[in-house]
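Observations on the three-dimensional arrangement
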Amino acid sequence: MTPSPINIPVIAIDGPSASGKGTVAERVASVLGFHFLDSGALYRLTALSAMKHGVALDNEAGVAALAAALPATFHDGAVWLAEENVTEAIRAEAVGEGASKVAALPAVRVALLDRQRAYRQAPGLVADGRDMGTVVFADAVAKVFLTASAEARAERRYKQLIEKGNSANLPALVADMQARDARDTARAVAPLKPASDALLIDTTNMDIDSAVQAVLAHYRSKQGN
Ligand code: C5P
């Protein structure tokens, strides 16, 4: 694969689950007319693929082989694994849990690197994940770390689940959130942490619009540097 065209601007938005980064990243991309990468979806697709193929989530070589050849596409507003629309399936809590397990395997992360970098296309990219600013796009022009308290994030997830007609248990969600954060933060490779040059935005008491404006202002302040 050809190397990333480094003159194409990347805005890296990292943070823990349900910090609002997905929504913020998508809106920023739409305001600027940039491409959008939801890197978490690739880890979720890898976990789902392993589950479907009966590959154990700690089988590093087996899961990495699936990740390298993932027949994943994003089109028609949906996420596809080969011919199957898995938009809803990859959002299941069990798949998120699985994603966080396979994401701790170094060979899986390597297998997904080129695929993520290939999203760097003109006129620019907004990339959302855990290691966009630290690893995948370490040369991003603007880096943001979005965070919020575990309770606030669990409450957002709770509302989303209830709105979709699912049942949900708030204390269990807080516990899941903390377990996932601990795994993402403690792992040896590409742990969840702000890049040294990232702007920290705490969205605990902030609405989405304000977070979007803060990211845009940060990007504009970096342009021309
Ligand atoms: O962002 P999302 O919740 O969809 O990501 C699912 C899981 O994938 C995360 O809990 C994390 O373990 C992993 N992930 C990662 N690196 C990324 C994006 C996601 O390790 N860049």
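What comes next concerns the included structure. (Residues numbered from 1 in each chain as written. Predicted model: local features only at pLDDT ≥ 70, side-chain atom pairs only at ≥ 80, totals over all residues. Heavy atoms only, no water.)

Right, let's talk about the sheet that holds strand β4 (residues 78-81) for a bit. Pairing in this open sheet of 3 strands is antiparallel, and the strands run β3-β4-β5 from one edge to the other. Where the open sheet ends on each side, the last strands, each with one partner, are β3 (72-75) and β5 (84-85). The pairing of β3 with β4 spans 4 bridges and is classified as antiparallel. Along β4, the bridge assignment pairs T73 with W80. Where helix α2 (residues 39-53) meets the sheet, its contacts fall on β3, β4 and β5, and the angle it forms with β4 comes to roughly 40 degrees. (Pairing = 2+ DSSP bridges. Helix = DSSP H or I, 4+ residues; strand = E, 2+ residues; numbered from the N terminus. Contact = heavy atoms within 4.5 Å. Axes fitted to C-alpha atoms, helices over the stretch in contact; angles between N-to-C directions.)

Attention now goes to the site of the ligand. Neighbouring residues of the ligand: 17 residues in total, closest R44, R109, R130, D131 and D184. Here an oxygen atom of the ligand and a side-chain polar atom of K21 are 3.4 Å apart. Here the ligand occupies the largest pocket. Of the residues forming the shell around the ligand, the biggest block, 4 residues, is contributed by α2. (Near = heavy atom within 4 Å. Polar contact = N/O pair within 3.5 Å; in protein donor to acceptor, adjacent residues only side chain to side chain. 1 Å grid on protein atoms, 1.4 Å probe; cavity = no way out; pocket = protein on both sides within 12 Å on 5 of 7 lines; lining within 4 Å. Sits in = over half its atoms within 2 Å of the grid points.)

Turning next to the pattern of salt bridges. Counted by the stated rule, this structure contains 13 salt bridges. Connected via shared salt-bridge partners are E93, R157 and R180. (Salt bridge = Lys/Arg side-chain N within 4 Å of Asp/Glu carboxyl O.)

Here is the key point about a regular strand: its side chains alternate between the two faces of the sheet. On β4, burial covers both faces: A78 and W80 on one face and V79 and L81 on the other are all buried. The turn linking β3 back onto β4 is made up of 2 residues, and D76 within it adopts a positive phi angle of 55 degrees. With 2 bridges joining them, β4 and β5 adopt antiparallel strand pairing. Along β5, the bridge assignment pairs W80 with N85. Counting the residues in the hairpin turn of β4 and β5 gives 2 residues, including A82, whose phi is positive at 55 degrees. (Buried < 20%, exposed > 50% of the residue type's maximum accessible area, 1.4 Å probe, protein only.)

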